[in-house]
Amino acid sequence: MSHALRPMRAEDAEAVAALSADAGAARWDAEAFRRELLLPHARLRVIEGGASFAVAAFAVWWHVVDEIHLLNIVVAADLRRSGLARALMDSMLDDARSVAARAIELEVRAGNASAIALYVAYGFETLGRRKRYYADGEDALLMEHVLK
Ligand SMILES: CC(C)(COP(=O)(O)OP(=O)(O)OC[C@H]1O[C@@H](n2cnc3c(N)ncnc32)[C@H](O)[C@@H]1OP(=O)(O)O)[C@@H](O)C(=O)NCCC(=O)NCCS
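On a predicted model such as this, the values are computed, not experimentally measured, just so you know. (Residues numbered from 1 in each chain as written. Predicted model: local features only at pLDDT ≥ 70, side-chain atom pairs only at ≥ 80, totals over all residues. Heavy atoms only, no water.)

Caption draft 1: Looking closely at helix α4 (residues 113-121). Listed as buried for α4 are Ala 115, Ile 116, Leu 118 and Tyr 119. The buried residues of α4 all sit within an arc of 155 degrees when viewed along its axis, so they share a single face. Facing away from the buried surface of α4 by more than 90 degrees, the exposed residues are Ala 113, Ser 114 and Ala 121. In this structure, the buried residues of α4 make contact with β4 (67-75), α3 (84-98), β5 (103-109) and β7 (140-146). Following α4 by one or two positions, Gly 123 has its phi on the positive side, about 85 degrees. (Buried < 20%, exposed > 50% of the residue type's maximum accessible area, 1.4 Å probe, protein only. Helix = DSSP H or I, 4+ residues; strand = E, 2+ residues; numbered from the N terminus. Arc of directions from axis to C-beta. Contact = heavy atoms within 4.5 Å.)

Structure (structure tokens):
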């Protein structure tokens, strides 16, 4: 199975929304992803080759002033721990360096051990905690990776 990484296209929106919902990150439906594609500051990437969802993984980040904000990164459950998130994180870091960003920031659920382990592996540090940030009452950790 090939795992080509490329920019998201409008025709990916249904598959990406389905993958997002399966991962419990159903903030955006397909229409929301299509709207996101029109924003000049948004970057959306997919990795092709998923068995269940037509895409194996995706990530969305924004470039705002001198910062990158990672909004979401999801890998299909049956393809985790095979380096797909690393490929997306590397692509985001390349983008961050190409625009000379100062830092990458993100919020993550305080109980999301897998995602926190991924970010720590990439040198992110916890800056603070946003109490009851999510609709279900879970706290968010605010994490940052300062680019040298
Ligand atoms: C978090 C997530 C994107 C990681 O994707 P992945 O493709 O499995 O991650 P990778 O295989 O690229 O792992 C890269 C590194 O992250 C860390 N990591 C990832 N998952 C981990 C886990 N379950 N436990 C511990 N460390 C983990 C490890 O350091 C790993 O390196 P290693 O495999 O060499 O040890 C994936 O678990 C996912 O989609 N989760 C659901 C959606 C989600 O919560 N997204 C984050 C929203 S903020």
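Caption draft 2: Examining the environment of Glu 138 more closely. One can find Glu 138 in the loop between β6 (125-130) and β7. The partly exposed category is assigned to Glu 138, whose relative accessible area is 24%. Apart from the residues within four sequence positions on either side, Glu 138 is in contact with Arg 109, Ala 110, Gly 111, Asn 112, Arg 132 and Tyr 133. For Glu 138, the side chain forms a polar contact with the side chain of Arg 109, separated by 2.8 Å. Separated by 2.8 Å, the side chain of Glu 138 and the backbone nitrogen of Gly 111 make a polar contact. (Polar contact = N/O pair within 3.5 Å; in protein donor to acceptor, adjacent residues only side chain to side chain.)

Caption draft 3: Molecular detail of the packing of aromatic side chains. Applying the stated criterion across every chain yields a total of four aromatic pairs. Consider the rings of Trp 28 and Phe 33, whose centres lie 5.2 Å apart with planes at 75 degrees: the pair is edge-to-face. Ring geometry for Tyr 133 against Tyr 134: centres 5.0 Å apart, planes inclined by 85 degrees, an arrangement best described as edge-to-face. (Phe/Tyr/Trp six-rings, centres within 6.5 Å; stacked < 30°, edge-to-face > 60°.)

Caption draft 4: Just unusual backbone geometry, in detail. Located in the positive-phi region is Arg 81, a residue other than glycine, with phi close to 60 degrees. For Arg 81, the location among the structural elements is in the loop between β4 and α3. Its identity is not glycine, yet Ala 100 carries a phi of approximately 55 degrees, on the positive side. Mapped onto the fold, Ala 100 is located in the loop between α3 and β5.

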